Amino acid sequence: MIADCANLAAFVDGHLPPEAHEGFLAHLAGCEACGVRFHDLLQLDVLGRLAMEGTGSPQAALEAVPLPAAVPAPQPLPPPEPVRPGRRPWRVAGGLALAVGMAAVTGLPGRTAREAPLPWRTSAANRPLEARLTYAAAGGHRPYVPQRGALPEVTPPPLRELVALEDREDWHGLSTAYLLSGDPRQALTWLQRAPATPDLDSDRAVAVGLGPAKAGEQGPLDEALRLLEGTLRARPDHPQALWNRALVLRDMDLPLLAADSFEAVAKQGEPGWSAEAAARARALRERTQARGRAWKQAQAATQDLMTDPGARLPLEEAGKLPGIVRVAFYDAVRAAASRDAALRLLPLAEALDRAYGGTRLREYVTRVAEHDFRLRGPLARDYVRFTQDKHPSREAFLEALRRSGEDDLYVGALGYELNQGRPVDVEAFVRAADGLGDPWFHLIAEQTRANREVRDGQWWKAEARVLEALRTCEAQGLAYRCARLQLWLSDMYLQELHRPADAWVHAVRGWQLAKQTEEWELERQFLQALGQVARLGHALPTASAYLRESLSRTPDAPAQRSYVHRNLANVAWLGFRIDEAREEMEQTLESGGPLEMAGALVLSDLARFGPLDGAADAMRRTLTELRHTATRPGERALTDFIEGQFELERDRTAGRGLLWSAITQAEQWPADANARRARGYAHAALISEAGRTGAFAEALALVERQLRVSSVPDTCVLAVSVQHERTVAVVRGATGEVLGSLDSGRTTPLGKETSGLVPAPLQQALRDCAHVEVLAPPPVNGLPGLLPPDMAWSYRVGRGATAGLGPKEGAHLVVAGVDAPAALGLPRLAPMEAPSRIDPRRVTLEGARATPSRVLEALSTATEVEIHTHGVFSPELSDASLLVLSPEADGRYALTADQVRSRKLSGAPLVLLAACGAAHTAPFPHESFSLPVAFVEAGARAVLAATVAIPDTAGRFFDAVRERIRAGVLPSIALRDERRQWLSTSPDAGWVRDVLLFE
């Protein structure tokens, strides 16, 4: 939400958030004071611009700028650039003010652009943008020389040129002018007036992801890559899109893929561009491959330390890559069969000590050299045979080591067994590892304990243990072990807890650490983790990019090829590119590597689209392996689902039996992420199968079961289930008659709204209903547009309090006037309007008091809750939208769905989330995850929230809905009636259509 008059300056300066535009422009059109002040600021801008340019008639220029009498609202834009020291606000204001002025006169769709020269930019010796634009007048090659020593400033285009472009309704030219002038925000305003074409999507990508201050921000880069992938699917040889994709990939730090894209440009033979592309590709590839060679050479230098007494000591490598050298160093000391052999390693120990600080490794070598090698020597020689899998009796050797007192050898041997996946005495290992007194091994022991806790289902203990180990590791400066712990956390959040946002945080931190320490192999593993996070967030081009970059690091490794291709098959499947998914699975099968769970899942999905050569045999082998290695109930349930879905296309009875087996097992383990996946996927498959056979009453019962709802009415119910390309919709109308439909023709992902998902005849069957309960499993739950806005309906969430009528006794909590962290660049919201009448139950948390901890405490007993603040979606912080509150002493400011879900709301409150996009739902296909669902699961009786940006006037809207509910009106009817009233008086207030009710 945003303020009205108080935000005029931010609006003119171009710093108003995109979600605020619609509300503010509506306010501006009807506010005389703001209109006058706006025109004054506009005149000052033009005069300042002309003074800087030193040309033109001020009076003529001012007369050319109209008053904004009826300003159409621009579409939502990316977040504004933060104000930087030394920036001249009028230089930005002019572009925005002129754009608004032009929009006031023309609100017509753009006609075909007649491209004209852009002389003020194209005559320069160097080009101002590193990216390439598709406007013909800006297409010639000139060298790019980046500005050094200062941030780039916005340089406004000449007014006459802009007016000429606007007169021709050349939106493409206007956007190009602003991009060349360093103002991507204004460029997007004009691009949104132009039609969607491959060329313009390439330019949109430049404005979204490659503008000033955008590089390195993941969200804009994801969107830019998505736009460019769309252009290249339409035109694979599109030169500008290939070039811009290379820049995006470079900014994502995926240099080998970026080099591939530049090389594709180089092959096209364009004057100037091809030569520059070839040079850029060569520099990216050579620099990256040089790092890879250095790591591989360092690793190779350690390979013979155990077996060759005269092997060169990797002293130089120890300084550059101390992580992998230290791993090999410990084995070399264990393999030393004599005092002299151990002392020979002293220079390497000292080199590593210099890299890490201290004298720990020198002391270790000296201590080992003092042992009795008449006893240790034979054990050391056997240790080498043991790690080469050549020892005749592994159990006897481990027992001999345990009794020998040579604890470092015992730890090394047990650790080798653990790494090979063999069963060992874990308690003996961690006890012996801690006993060595070396922080390196203490961290390994803690990670091993955490693995055991995860296997026992005590993930919270494992999480706390590894986070504490990470703090210890950072304090000790053991970067290699820190990166391994970050990778462990990322994998645990992905595989065990299904918390992609947390996984993203640790994957990014670990990746940065691996790059800083030049640990090439760890970089590859983090690239794969980042690809998995992006896949779960449906950032599919980004997921593909991370995976392909990881493959380009080790293209000849069979296991790597199998891993990447089976995950690329999943990415293609999620993107509804079925043929591509089948091709990737064929490459997976050809690689000879294991399918594992992910590959088997895609193979099971693809079964609906016809048989794949070798799929049945591969599935049988994989299921056997999975059942042999699955140690946890969730994995076993997921395995039954995979087989059941695969068999459903061949033997319906067997398939259904396996799907019900998966559900029965999964329901016993609700805290297991794989069990939740199995339960959601199996229900969706059974619902689709019921729809396919016309058993719509069964489908409705299955939806009720999946959502765990009870007391579903006999009339006025809608159920909608989406399983990839299949949509089943079932209604129980006003007369109780059950009607249903099955659509198996979906060819694109579901997206952010659901209009058209429920066929018109089914909607008509609900027309006589006073209120409709909507049962929608994910991914539908929480999306707008399911039913028309003139119908009263709500999403039914399975757990929580029962929605009541009228006011309840207890506190009416209002959170407002939040002091958002300055670093977020969010405008301060206008003060709350005073309530129309005295409310003795009203309790307000404002300003610095509105912190997450205080709000959570107050939520526990409130019976009505209003939260007026900024809503933000940040995949780095939460998988759903979060609410921005005032920061705690430690800087935490976010109220997330996870925090809310962990509370018990004993007052069963009515909750009004007056924040932009507060109903944003994570795109998970098996479980609903959003702020409204979290509030209901915590005990709220009803939640109102919007899926889109909302203006400041939204506070009055939510207040009016609450008053209707207090008067005894059903929440869904109160929402519908207030929506009708707002749309009758403010037809442009389209955001009210996207306010949803959850009960």
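In this text the structure is predicted, and so the values were computed from the model without any measurement.

Asker: Which residues make up the nonpolar core, and what values do they have?
Answerer: Core analysis: the largest hydrophobic core is formed by 137 residues, its most contacted members being Val248, Leu254, Phe262, Phe329, Leu352, Trp488 and Tyr546. When residues of this core are assigned to their parent elements, the largest contribution, 10 residues, is made by helix 26 (residues 479-496). Ignoring anything within four residues of it in the chain, the contact list for Trp488 reads Gln447, Ala450, Asn451, Val454, Ala462 and Val466. If you look at the next biggest cluster of nonpolar residues, it comprises 62 residues, including Ala539, Leu540, Ala572 and Ala719.

Asker: If you had to explain unusual backbone geometry to someone new, which residues and values would you point to?
Answerer: Most peptide bonds take the trans form, and the phi angle of most residues other than glycine is negative. Here the bond from Pro778 into Pro779 is cis, since omega is 10 degrees, no more than 30 degrees from zero. Within the fold, Pro779 resides in the loop between strand 4 (772-775) and strand 5 (793-795). Located in the positive-phi region is Glu518, a residue other than glycine, with phi close to 60 degrees. Within the secondary structure, Glu518 sits in the loop between helix 27 (500-516) and helix 28 (520-536). A positive phi angle, close to 60 degrees, is found at Arg708, a residue other than glycine. Structurally, Arg708 is set in the loop between helix 37 (696-707) and strand 1 (717-723).

Asker: With reference to specific residues and values, describe the environment of Ala277.
Answerer: Along the chain, Ala277 falls in helix 14 (residues 273-302). Relative accessible area serves as the criterion here: at 0%, Ala277 is assigned to the buried category. If near-sequence neighbours (up to four positions away) are discounted, Ala277 is found in contact with Trp243, Phe262, Val265 and Ala266.

Asker: Summarise the packing of aromatic side chains; cite the residues concerned and give the values.
Answerer: Under the counting rule described, the total for this entry stands at 22 aromatic pairs. Arranged with centres 5.1 Å apart and planes meeting at 85 degrees, the rings of Trp243 and Phe262 form a pair that is edge-to-face. Of the two residues, Trp243 sits in helix 12 (residues 239-251) while Phe262 sits in helix 13 (residues 255-266), which places them 19 residues apart along the sequence. Using a relative accessible area of 0% as the deciding quantity, one classes Phe262 as buried. Pairing Tyr330 with Tyr364 gives two aromatic rings, centres 5.9 Å apart and planes at 50 degrees, and the pair type is tilted.

Asker: Can you break down the sheet that holds strand 11 (residues 894-895) residue by residue, with the values?
Answerer: Spatial ordering of the open sheet is given by 9-10-11, a layout of three strands whose pairing is antiparallel. Only two strands of the sheet have a single partner each, and these edge strands are strand 9 (871-872) and strand 11. Across two bridges, strand 10 (residues 882-884) lies against strand 11 in antiparallel orientation. Across the sheet, the residue bridging to Leu883 is Leu895, located in strand 11.

Asker: Tell me about the state of the cysteines, and name the residues and values.
Answerer: Here a disulfide denotes a covalent bond joining the sulfur atom of one cysteine to the sulfur atom of another. Enumeration over the complete set of coordinates arrives at two disulfides. Bridging Cys473 to Cys482, the disulfide has an S-S length of 2.1 Å. The chirality of the disulfide connecting Cys473 with Cys482 is left-handed, given an S-S dihedral of about -120 degrees. Linked covalently through their sulfurs, Cys716 and Cys769 form a disulfide whose S-S length is 2.1 Å. Measuring handedness by torsion sign, the sulfur bridge of Cys716 and Cys769 sits at about -90 degrees and is left-handed. You can see Cys716 sitting in the loop between helix 37 and strand 1 and its partner Cys769 sitting in the loop between helix 38 (760-764) and strand 4, a full 53 residues away along the chain. Pair check on accessibility: Cys716 and Cys769 agree, each one buried. Cysteine pairing for the chain, with bonded cysteines counted in sequence order: 1-2, 3-4.

Asker: So what's going on with the pattern of salt bridges? Residues and values would help.
Answerer: Evaluated as defined, the whole model comprises 75 salt bridges. Note that Glu130 is salt-bridged to Arg280, the shortest N-O span being 2.9 Å. Linking Glu130 in the loop between helix 6 (119-122) and helix 7 (159-167) with Arg280 in helix 14, this pair joins segments that are 150 residues apart in sequence. Comparing Glu130 with Arg280 shows no difference in burial state: the two are buried. Between Asp408 and Arg376 there is a salt bridge, with the nearest N and O atoms lying 2.8 Å from each other.

How each quantity is defined
One numbering rule holds for all chains: residues counted from 1, following each sequence as written. Totals for whole chains, interfaces and linings use all residues, but because this is a predicted model, local features are given only for residues with pLDDT of at least 70 and pairs of side-chain atoms are given and counted only at 80 or more. The side-chain figures draw on all heavy atoms in the structure; neither hydrogens nor water molecules are used. In this text, buried Ala, Val, Leu, Ile, Met, Phe, Trp, Tyr and Cys residues form a nonpolar core when linked through side-chain atoms within 4.5 Å. Relative accessibility thresholds used throughout: buried, under 20% of the residue-type maximum; exposed, over 50%; partly exposed, between the two (1.4 Å probe, protein chains only). For helices the rule is a DSSP run of H or I covering at least 4 residues; for strands it is a run of E covering at least 2, with both sets numbered from the N terminus onward. We call two residues in contact whenever any of their non-hydrogen atoms come within 4.5 Å of each other. Centres within 6.5 Å are what make two rings of Phe, Tyr or Trp a pair, Trp counting through its six-membered ring; a difference in plane orientation under 30 degrees is then read as stacked, over 60 as edge-to-face, and the rest as tilted. Each pair of strands is called paired provided DSSP finds at least two bridges between the two strands. Two cysteine sulfur atoms make up a disulfide if the distance between them is within 2.5 Å. Any carboxyl oxygen of Asp or Glu within 4 Å of a side-chain nitrogen of Lys or Arg constitutes a salt bridge here.

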